[in-house]
Amino acid sequence: VTEWHPRSRALLAAGEVIQRLTNASHTRVLYPSGHPQRQAAVRSLMSSLRRLQESCTAEPTIFVSGESLYLGSVLLARESLSHYRLALDMEAAGIEALTFGSGISDADLEELTRVIAEHAPCPPEVGGIGVNKVRPVEVDEPEWQTRLGELRRAYSSTLDVLRQSGMRATSGQSLDFEAAHAVVQGLGDEVGHDPGYGLLLTAVQSHDDYTHFHMVNVCVLSIALGRLVGLDSEQVIALGVGGLFHDIGKLNVPADILNSPDRLDEEQWRIIQHHPVTGAGMLFATGSGLYHPAVAIALEHHSAFDRTGYPALRDRQPSVPARLVAVADCFDAVTTRRSYREAMSRHDALGILIAGAERGFDPRVVRMFTQMVGGHPVGSLVALDTGEIAVVVRPNDEDPMRPTVLTVLDRTGTPMEVEERALTETLRDGSPAWSITARVDPSRYDIDIGELVLAGKVRQASPPASGLVHEPAPGEIAPAGYVDTHAERHLHHSLDGPHTHDPDVSAPFED
Amino acid sequence: MTGSEVRRDQADLARLVRHLSAGLSLWRLYPGQSQRSDVSTAIELTQQAASDVLGHGPARIDVRPAGLFVDEEPMPTSVHNERLARALYDRRISHLDIIDHPTAPDIQVLLEVMTQPVGELDDAGGAGDVLSEAGVTGIVLWAGEPEPLLAMRGEHDELKTRERDHKQPTIPPVDLSAATTGGDMYRMLTEHAQHLPEDEADRAEFHRRAQEAVAALPLAERAEFGRQVLRNAVSESFAERYVGQLTDPRLAQLAVEVAEAEGSDPEELAAKIVEQAGRHSAVVRLVSAAVRRHQDEVEGDEDADAGGDGAALPVEDPQLAAATIALHHSVMRGAAPAVGGHRPGGPVLDTPIAVGPDVQAVRAAYPTTTEDVRVVSLDALRDYLDLEDDLPQLAAVAAALGERLRRACIDLQQGEVRLLIDTVEQVLPHLSAAAADIVVDSCNAVVDSMLATELAGSVVTGGELDDVVAVLRPLGPQAVEAVVAALADEDRSPFRRVHVSLLAAIAGPYADVLTPWLQDPRWYVVRNIATALGRIGGNDVVDPLLRLGRHADERVRREASRSLIAAVGARGVTTLTMRARHGDEETFELIVETLGSLPATDAAQAIAELVGSAPSRPAARQALETLGGHDSPAATELLREIAAGRRAAGIGWLARARARRLARSRGGRQ
């Protein structure tokens, strides 16, 4: 695993394990011992664990460090966002690493979920599960990585609150505006610290958990737009909360309709079209949302500037906050892959917005948004005239076509040491030092921009001198900062016979 | 060296095509502006790419219906190839040779030629000739079959002297003359367009004939045809191809013609076209650009022409991407006047994206004050209540709304109470009966005796009564009911006083809400209501108060009497007189007593009048006595007139004698 790693089978399996471990921990809290739901959750966890083990050539280790989850040295970025609370719970239970050996039983998993759910002191081993056999290395994070961590945490918390809000809403309880305000404020602070990076974070998208990620992304984009408009911090937060809750009504739409790859029938379409009304209802029902821009945003974000959208408003255009969020909503929606269509490039998404100006969107907002994300939108993958592939990380107000980029692949398509380049730089003769020659489809290089962003790779000026490491396989040079906490095991295994990989290691992954 | 022997690098050729295509887009946007950095960059890149190509020897690109080919191999499909192929093909170019290093001016001329209207090029002898006559020899455009690609410039010059005729397309004859109306023409062309021949030359020929046929239609029919094309284009590609082929750049003229035929305003019509054809973004772009161009022509503002022969497609090159954005931007600006937006002055393309004014405008329109946010929210609430068909959800919202109303009352937020009530009242007529009931019930439910007691408490502890009145008044009869209910159960006299005062202030229009409480078995409740009625005053309370004159409890009767006096005031004399004449003896006596307590002269006069219509002698006597004790100086003369028989003629002599005595006894009060 080098600078950047495409989603391998092992990483996907690890994501599934995290998801099911979360689920099993929740189920444990909800149901008594022996309850079929608990048993089913553990069985499900076991099966995904098997898949993880099958996709690794040695015993896989999942690390917890800095409230993030790792498989070996690879950050499970999206899972860290999605299952932030699990990471916190594991840390609270003193778990830094879980090594999944052979012979794990359902009882072992039951016990593990107990430890996590109750924050109980964790023994060194839970049956076949080794706890903290390999420990992550303590590192001093560089400033940018700390900032990244903060942003990621803010994003995670927002995702978390949104999910809880969704659960509350669907169970008939009131949405928690105060919690939403708190997390959006945190997110707003981080985005305010570095708007470019905040925008970059919206490249994080999830096909599986589309609605929640989408809502948080729209929240981030709305915050950035609000700052661009020059709103004060309270207004920005209110707009961000509106962005966060804009699709809350979709939580009541059946998943088979939302994800239907087929053409919707009239009734299904009616249900979809009702989600703004439902969302506004959920927000109004809180009482505290009555005088909050979020309700207007939820109700009006599809109503269209020229009033041709849905629902039809009585004798008026959508409110200005709703117009801002409508643009952010469209941009994020069309750049996400859905079951019924492929993701559009961020550049093409801008084209959609521009074409929709005066109709779906307020043209002033479209122009602002275009300016904000740049001619090559932040998060786009581009080819440079050097043949390298780079990610656009910062727009350039002066020349939208010459943003700041970070190189990620060299001209042979090999992951490279990232380097920040301002494309405004010129040579002595005044000619540009670098130029963008083409937009690049990330899928062509199997690049997940979101992963790159979350893993901090796009900001890395040089490889970390130390950091979270996996243990070296025999013959492999130990990474800087590596601490061998179980030399005896190495010795023991080496006496057993030749091993391609150390069984305690978060092994290289098989695809 | 023959064409097949020429080594060429596909990648270099692809780059050349890309840069040339990008250059074309920019040139369309900024014709002749070679000094612009983006244009000059595109030219430089094209020049460089051509030199790279020539590094492998002369090269030829074939233009075919399926796209661009090199050495019989199709070039990799891309939007650049398609665009360049289309541009070349429209100008009847079958091959493009690169035989020598082009200069920047050469590239400029090439771009100029490639952006010239086809008709003009034809008139000038074709694109190849125009290019050649402009002195460009490094790049050659061929129409029809070219000579083999032999060598560099010298040999080519010789070849170039052999001019080729354009290929003559051959397509089956299509009798478009059968279409005499715009609608027929549209249907016919649409049908044919679905089954056009493969050969691009034939297709182009078909469209040329179609244009001629359309042009031959009468104005009104041509207008109808234009409408059909713009409104019924069956697909994006159809719209782009057909609108582009047939009406652009004459689209604006078409809009004007349609407007003339319809007798409508051209700008309004353009707006309609944009709106109705809006589902096809290409049509929008074309119409917008054309309308703006037309307006520019009308205004003589040549500088503002953003050009654009439409067909702005997603692109990859930065220059082309910039051009696309600029084009979109200009189209947005261009569309603005057509759809009622603003039209900024000056050349819009100098600053590709002008953000400053937009930010200011959005900020100015953004709801930043509490009041602004309220307006936005209540607009949303109105629409929400109107739109929601999920009654349980509506009930939850209505409950929250009610709670908010309650909170606003307790916090004495008069404005908010008014706003909430106004919102509900505005939306109620639009709701179904069930939904309206839910909303009304939810609002009513929170205005109860507890709320009234809480509000009264605020006054008792030093608050202003007027503040409470201001929040209760918009709540109408529900507030009256709440206060009276609180009053009925209140055992603290300071609170009761406040309740009565509140009723006096808010219950005027809703006296009917109070009157049922006069049947309450608790005498003190009835007495308090009577007090309130008296302070409310007005004719409506007279009857209830008069009826209280028969209440079993004397304390109530006394209060009713006082309240009646308070209620009618000086202006109620006539009313009371009327009621006394038509009422029973008790009512008569009560009214006489009431009038006796009024110092005004008209009250004395009323008593004098009533003496004659008293229901009994005792009643008449009571009236005379009351008049004798009246404070008005006029009472003495009135008594004298009664004594003299000039008033109350029907009374007996004993009564007149009593009047005389009473007058004499008032002697000093005249």
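Reading the values: rules and limits
Residues numbered from 1 in each chain as written. Chains lettered and ligands numbered in written order. Predicted model: local features only at pLDDT ≥ 70, side-chain atom pairs only at ≥ 80, totals over all residues. Heavy atoms only, no water. Phe/Tyr/Trp six-rings, centres within 6.5 Å; stacked < 30°, edge-to-face > 60°. Helix = DSSP H or I, 4+ residues; strand = E, 2+ residues; numbered from the N terminus. Buried < 20%, exposed > 50% of the residue type's maximum accessible area, 1.4 Å probe, protein only. Lys NZ or Arg CZ within 6 Å of the ring centre and 35° of its normal. Contact = heavy atoms within 4.5 Å. pLDDT = per-residue confidence, 0-100. Core = buried A, V, L, I, M, F, W, Y, C linked by side-chain atoms within 4.5 Å. Pairing = 2+ DSSP bridges. Axes fitted to C-alpha atoms, helices over the stretch in contact; angles between N-to-C directions. Salt bridge = Lys/Arg side-chain N within 4 Å of Asp/Glu carboxyl O.

Focus: the packing of aromatic side chains
And then number 1: Summed over the entire model, instances satisfying the criterion amount to six aromatic pairs over all chains.
And then number 2: Ring plane angle 50 degrees and centroid distance 6.2 Å describe the contact between Tyr155(A) and Phe213(A), whose orientation is recorded as tilted. Of the two residues, Tyr155(A) sits in helix α6 (residues 143-170) while Phe213(A) sits in helix α9 (residues 210-229), which places them 58 residues apart along the sequence.
And then number 3: Classification of Tyr155(A) by relative accessible area gives buried; the value is 0%.
And then number 4: Where Trp523(B) meets Tyr524(B), the ring centres are 6.0 Å apart and the plane angle is 85 degrees; that geometry is what we call edge-to-face.
And then number 5: Over the ring of Phe495(B) we find Arg492(B), and its NZ or CZ is 3.7 Å from the ring centre.
And then number 6: Over the aromatic face of Trp523(B) sits the side chain of Arg555(B), whose NZ or CZ is 3.8 Å from the ring centroid.

Here's the deal with the side chain of Ser435(A)
And then number 1: Relative to the helices and strands, Ser435(A) resides in the loop between β10 (420-422) and β11 (436-440).
And then number 2: With near-sequence residues (within four places) excluded, Ser435(A) lies in contact with Ala383(A), Leu384(A), Asp385(A) and Arg402(A).

Remarks on the confidence of the model for chain B
All names here are of chain B.
And then number 1: Averaged over chain B, the pLDDT score is 72; the fraction of residues at 70 or greater is 68%.
And then number 2: Counting interchain partners and residues more than four positions distant, the pLDDT-below-50 stretch residues 1-7 has 15 contacts.
And then number 3: Counted against residues more than four places away or in other chains, residues 147-170, with its pLDDT under 50, gives 55 contacts.
And then number 4: Taken together, the chains of this predicted complex give a pTM of 0.56 and an interface ipTM of 0.73.

Points about the nonpolar core
In globular proteins that are soluble, nonpolar side chains generally tend to be buried together.
And then number 1: Counting 200 residues, the largest nonpolar core has Phe369(A), Leu472(B) and Leu595(B) as its most contacted members.
And then number 2: Each residue touching Leu595(B), except ones within four places of it in the same chain, is listed here: Val573(B), Leu576(B), Thr577(B), Ala603(B), Ala606(B), Ile607(B), Leu610(B) and His630(B).

A word on the sheet that holds strand β2 (residues 67-70) of chain B
Residue and element names in this part refer to chain B.
And then number 1: Across the sheet, which stays open at both edges, the five strands sit in the order β3-β2-β1-β4-β5 with antiparallel pairing between neighbours. Every other strand in the sheet has two partners, leaving β3 (73-74) and β5 (139-142) as the edge strands with one partner each.
And then number 2: Of the strand pairs in this sheet, strand β1 (residues 59-64) and β2 are connected by three bridges, and their pairing is antiparallel. Following the sheet pairing, Asp-62 is matched in β2 by Phe-69.

Regarding the environment of Arg497(B)
And then number 1: Position of Arg497(B) among the secondary structure elements: in helix α24 (residues 493-506).
And then number 2: Considered as a pair, Arg497(B) and Leu487(B) are ten residues apart in the sequence and their alpha carbons are 8.7 Å apart.

Re the sheet that holds strand β9 (residues 404-409) of chain A
Residue and element names in this part refer to chain A.
And then number 1: If you walk across this open sheet you meet the five strands as β10-β9-β8-β7-β11, and the pairing is antiparallel. The open sheet is flanked by β10 and β11, the only strands paired with a single partner. This sheet shows a mean twist of 40 degrees between the axes of neighbouring strands, independent of strand direction.
And then number 2: Direction of pairing for strand β7 (residues 381-384) relative to β11: antiparallel, over a ladder of four bridges. Bridging across to β11, Val-382 finds its partner in Arg-439.

So, the pattern of salt bridges
And then number 1: In total, this model carries 38 salt bridges over all chains according to the counting rule given.
And then number 2: We note a salt bridge from Asp362(A) to Arg364(A), for which the minimum N-O separation is 2.8 Å. Each member of the pair, Asp362(A) as well as Arg364(A), is classed as buried.
And then number 3: Linking Arg555(B) and Asp553(B) is a salt bridge whose minimum nitrogen-to-oxygen distance equals 2.9 Å.
And then number 4: Residue Arg555(B) is classed as partly exposed on the basis of its relative accessible area, which comes to 37%.
And then number 5: Take Asp553(B): its relative accessible area is 14%, and that puts it in the buried class.
And then number 6: Here the salt bridges share partners, and the residues they tie into one network are Glu371(B), Arg374(B), Arg404(B) and Glu416(B).

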